[in-house]
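Residue strings, one per chain:
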Amino acid sequence: ALMAFYQATNGDNWTINDNWNTEAPINEWYGVIANEDGKVVDITLLNNNLTGELPTDIGDLTFLTTLMLGENSIGGNFPATIANLTSLEDLILDGNSITGTLFTEMQNMTSLKRIGLSDNNFSGEIPAWIGNLTALEDLSLSTNNFSGSIPSSIGNLTLLTKLKLDENSLTGSIPVEIGNLTNLQIIEIYTNQLTGS
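Residues numbered from 1 in each chain as written. Predicted model: local features only at pLDDT ≥ 70, side-chain atom pairs only at ≥ 80, totals over all residues. Heavy atoms only, no water.

Caption draft 1: Spotlight on the sheet that holds strand β5 (residues 99-100). One open sheet accounts for five strands, arranged β5-β7-β9-β11-β13; its pairing is parallel. Edge positions in the open sheet fall to β5 and β13 (193-195), since each of these has one partner strand only. Across three bridges, the pairing between strand β11 (residues 169-173) and β13 is parallel. Note that in β13 the partner of T171 across the bridge is Q193. (Pairing = 2+ DSSP bridges. Helix = DSSP H or I, 4+ residues; strand = E, 2+ residues; numbered from the N terminus.)

Caption draft 2: Spatial organisation of the environment of N84. The residue N84 is located in the loop between β3 (66-68) and β4 (90-92) in this model. Residue class for N84 comes out partly exposed when judged on its relative accessible area of 38%. Residues N84 and T51 lie 33 residues apart in sequence; the distance between their C-alpha atoms is 23 Å. The contacts of N84, once residues within four sequence positions are left out, are G59 and T62. (Buried < 20%, exposed > 50% of the residue type's maximum accessible area, 1.4 Å probe, protein only. Contact = heavy atoms within 4.5 Å.)

Caption draft 3: Just the pairing of strand β2 (residues 40-44), in detail. Burial of β2 is extensive: four of the five residues sit out of reach of the surface. Sheet topology places strand β1 (residues 32-34) next to β2; three bridges connect them, and they run antiparallel. The partner of I33 across the bridge, within β2, is D42. Hairpin connection from β1 to β2: five residues lie between these consecutive antiparallel strands, with G38 at a positive phi of about 85°. Both β2 and β3 contribute to a ladder of three bridges, which runs parallel. Bridge assignment links T44 to a residue of β3, and that residue is M68.

Caption draft 4: Representation of the sheet that holds β1 in the model. One open sheet accounts for eight strands, arranged β1-β2-β3-β4-β6-β8-β10-β12; its pairing is mixed. Looking at which strands have only one partner, the edges of the open sheet turn out to be β1 and β12 (186-188). Between one strand and the next, the sheet's axes are offset by a mean angle of 10°, whatever the strand orientation. (Axes fitted to C-alpha atoms, helices over the stretch in contact; angles between N-to-C directions.)

Caption draft 5: Representation of the nonpolar core in the model. With 53 residues, the main nonpolar core has F5, I43, L69, L91 and L139 as its most contacted residues. Elements represented by at least two residues in this core include exactly α1 (2-8) and β2. In terms of residue count, α1 provides more of this core than any other element does, three residues in total. With sequence-adjacent residues up to four places away left out, L91 is seen in contact with L67, F78, I82, M106, L112, R114, I115, G116 and L117. (Core = buried A, V, L, I, M, F, W, Y, C linked by side-chain atoms within 4.5 Å.)

Written out as C-alpha cells, the structure reads:
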C-alpha cells in the first residue's frame, strides 16, 4: 500500500523521499511511523511536492491514526476506501486539489479528532451524519464547493474548538444547535449565502 501511494503521488519527485522504495525499515522512510508490530500508524508529508492522486490502496493501511498530506498538489477523486481507516484521528489534506464528497461510509470513522479538507474542490452537502463524529475537535472545510445548509446535528460535536466552513456555497440559516458548542474558540462561516439572524 505504501508503494502504491508512492507511485500514485509521484514519489520520485517529492521534495524529500529518503529511504522510500528501498529495503530500509519502514520507520526509516521519510514521514512514516510504524508501531512495534510494523504496522504503519502515521504518514506525515506536509508541503512535500506530492502530485497525482490518492490511490484506493490507502484504505489498506487500517492501523493509521494520522494522515497529514496538506499543502501539496494532490488532485483526483477522494477515494472511498479512506473510510476503512476507522482508527484515524487526524485527516489533514488542506491545500490540495482533491474533488469528491463526504461519503456516507465516513460516518464510521468515529475516532476522528481533526478533519482538515480546506482549500480543495470538495462539493455536495455537509451530511447530517457529521454529528456522529463526536470526538471531533477541529472541523475545517473552508474554501471548497460545499452547498446546502449547515446540518443541525453539528450541535452534537460538543468537543469542537474550531469550526471553519467559510468560502463555500452554504445556504439557509445558522442552526441554533451551534449554541451547544460551548468549547468553540474559532467559528468562521463568512463568504457563504447564509440568511437569518
